[in-house]
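Structural overview for review
The primary structure of each chain is shown beneath.
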Amino acid sequence: MLQTALSQQPVATRAPEHRPLVSYVLPVYNEQDGIAAFHTELTAALAGRPELDFEMVYVNDGSADGSLAILRGLAEQDDRVRVVDFARNFGHQIAITAGLDVARGDAVIVMDTDLQDPPRVSLELVDAWREGAEIVHARRRSRQDTAFKRSTAHLYYRVLRSSTEVDIPLDTGDFRLLDRRVADELRKYREKSRFVRGIVASMGYRQTEVAFDRDERFAGETKYPLRKMAKLAIDGVTSFSTVPLKMITRLGFVVLTLSMVGILYALAMKFFRPDITVSGWTMLMVVVLFLGGVQMLSLGVIGTYIGRIYSEAQGRPLYLVREVIGGSRADD
């Protein structure tokens, strides 16, 4: 009887082990010459990690070439691929944001598709995450760029770090891994002038770095020419620092001091060298031009901050999506 009763009891079954899902957020803008090669290299790297599940979220940031058609083909061939197609170009930082809004992984990796960031390195970020890190930055040990870009990037990151209260890791771009909890918190940050790497650094959590050697661009031209790099630099400074405003105040004191010196000089020349006071035209022009330049610079800095306030006050959507293509997993 006892044996019969035991045989009728349900046998405890072991719950299937959860396979971590890693999402890739991949902004794309006019990359038709390199997307296929990137996807091939990425999938080859992922094939070596069968214990993990993966999804790839490509964000087409209003590409004007054949990038969208190639992405459609990838989505048809690989059910792990999802494509977010923007209604127009909204910019790299917004594309990252849209990818984070869509990604469902236990960890989310943000990287570009130009093969400067090697896909194999992304798996090193995953290893660091599985060891307990919640944010893993990919730090560039070396980079195959022009001397001008290397020097300006080196200088910029150090100036930015010294002028803000946020400890932004040096020599890092947007190539990083975020834990699911961090990604969910990051989605709450909805400012329009975004500097994602600064926002992530300011969030805290357990952060670590993985060093790597950055490769050359596989094909095409850089999507961050000098003009866009300058805009990103301004967004970084104005998002996390009021130093430019403080510099205006300090500059005002300097100008005031120089003005007082000029006044004393003018009075001295008036009383002690009246025979050459008519020649003060040069000094007058120098003072007027100097003060005019300082005033215009000050107005420009203040205008930048006011413009950011105006943009945020409008409350418009960060981006508009035409369609989301592909993906086999149902949204939870």
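Note that the structure is predicted; figures quoted are calculated from it, not measured.

1. Considering the environment of glutamine 32
Here glutamine 32 lies in the loop between strand E1 (21–28) and helix H2 (35–46). Along the sequence, glutamine 32 and aspartate 65 sit 33 residues apart, while their C-alpha atoms lie 6.6 Å from each other.

2. A word on the packing of aromatic side chains
Following the criterion strictly, the structure yields 5 aromatic pairs and no others. Aromatic side chains tyrosine 24 and phenylalanine 54 sit 6.3 Å apart centroid to centroid with 45 degrees between the ring planes, which places their arrangement in the tilted category. Separated by 30 residues along the polypeptide, tyrosine 24 in strand E1 and phenylalanine 54 in strand E2 (residues 53–60) bring together distant segments of the chain. Just as tyrosine 24 is buried, phenylalanine 54 falls in that class too. Relative to phenylalanine 212, the ring of phenylalanine 175 lies with its centre 5.6 Å away and its plane at 80 degrees, an arrangement referred to as edge-to-face. Taken together, the residues phenylalanine 175 in strand E6 (residues 172–179) and phenylalanine 212 in strand E7 (residues 207–214) connect sequence positions 37 residues apart.

3. Description of helix H5 (residues 119–130)
Taking 1.5 Å of rise per residue, 12 residues should cover 16 Å, and H5 covers 18 Å from first to last C-alpha, within 8% of that figure. The set of residues buried in H5 consists of Pro119, Val121, Ser122, Leu123, Leu125, Val126, Ala128 and Trp129. After H5 finishes, the residue glycine 132 shows a positive phi value of roughly 125 degrees.

4. Overview of the pairing of E2
Two faces belong to every sheet, and in a regular strand the side chains alternate between them. Within E2, 8 of the 8 residues are buried, leaving the element largely enclosed by the surrounding structure. Burial along E2 is two-sided: the face carrying Asp53, Glu55, Val57 and Val59 and the face carrying Phe54, Met56, Tyr58 and Asn60 are both buried. Bridge count for E1 against E2 is 8 bridges, and the pairing is parallel. Directly across from tyrosine 24, in E2, lies its bridge partner methionine 56.

5. Concerning the environment of glutamate 209
Tracing the sequence through the fold places glutamate 209 in strand E7. Other than its neighbours up to four places away in sequence, glutamate 209 contacts His137, Arg139 and Pro169. A polar contact is formed between the side chain of glutamate 209 and the side chain of arginine 139, at a distance of 3.4 Å.

6. A word on the packing of H2 against H5
Interaxial distance between H2 and H5 falls to 8 Å at its minimum, and their mutual angle equals 40 degrees. For the element pair H2 / H5, the angle class is oblique. Remark: the crossing between H2 and H5 carries right-handed chirality. Facing Phe38, Glu41, Leu42, Ala45 and Leu46 of H2, the residues of H5 in contact are Pro119, Arg120 and Leu123. Taken together, the residues that form the contact of H2 with H5 break down as 6 nonpolar, no polar and 2 charged.

7. Structural notes on the pattern of salt bridges
The tally for this structure, following the rule as stated, stands at 16 salt bridges. A salt bridge links arginine 72 to glutamate 323; the shortest N-O distance between them is 2.3 Å. Taken as a pair, arginine 72 in helix H3 (residues 67–77) and glutamate 323 in strand E8 (residues 321–326) lie far apart in primary sequence, 251 residues in all. Overall, arginine 72 belongs to the partly exposed group, its relative accessible area being 33%. Among the ionic contacts, a cluster of salt bridges with common partners joins Asp101, Arg180, Asp184, Arg187 and Arg190.

8. So, the nonpolar core
Counting residues in each nonpolar core, the largest one holds 36 residues, and the members touching the most others are Tyr24, Tyr58 and Ile109. Among the elements that make up this core, the one with the highest residue count is H5 (6 residues). Excluding residues that lie within four positions of it along the chain, tyrosine 24 makes contacts with Leu42, Leu46, Phe54, Glu55, Met56, Val57, Ile109, Met111, Ser122 and Leu123. Listed in part, the 15 residues of the second largest apolar core include Val108, Ala183, Val196 and Ile199.

Rules of the game
Residues numbered from 1 in each chain as written. Predicted model: local features only at pLDDT ≥ 70, side-chain atom pairs only at ≥ 80, totals over all residues. Heavy atoms only, no water. Helix = DSSP H or I, 4+ residues; strand = E, 2+ residues; numbered from the N terminus. Phe/Tyr/Trp six-rings, centres within 6.5 Å; stacked < 30°, edge-to-face > 60°. Buried < 20%, exposed > 50% of the residue type's maximum accessible area, 1.4 Å probe, protein only. Expected span 1.5 Å × (residues − 1). Pairing = 2+ DSSP bridges. Contact = heavy atoms within 4.5 Å. Polar contact = N/O pair within 3.5 Å; in protein donor to acceptor, adjacent residues only side chain to side chain. Axes fitted to C-alpha atoms, helices over the stretch in contact; angles between N-to-C directions. Parallel < 35°, antiparallel > 145°, perpendicular 65-115°, else oblique. Left-handed = near helix turned anticlockwise from the far one by under 90°. Nonpolar A, V, L, I, M, F, W, Y, C, P; charged D, E, K, R; others polar. Salt bridge = Lys/Arg side-chain N within 4 Å of Asp/Glu carboxyl O. Core = buried A, V, L, I, M, F, W, Y, C linked by side-chain atoms within 4.5 Å.

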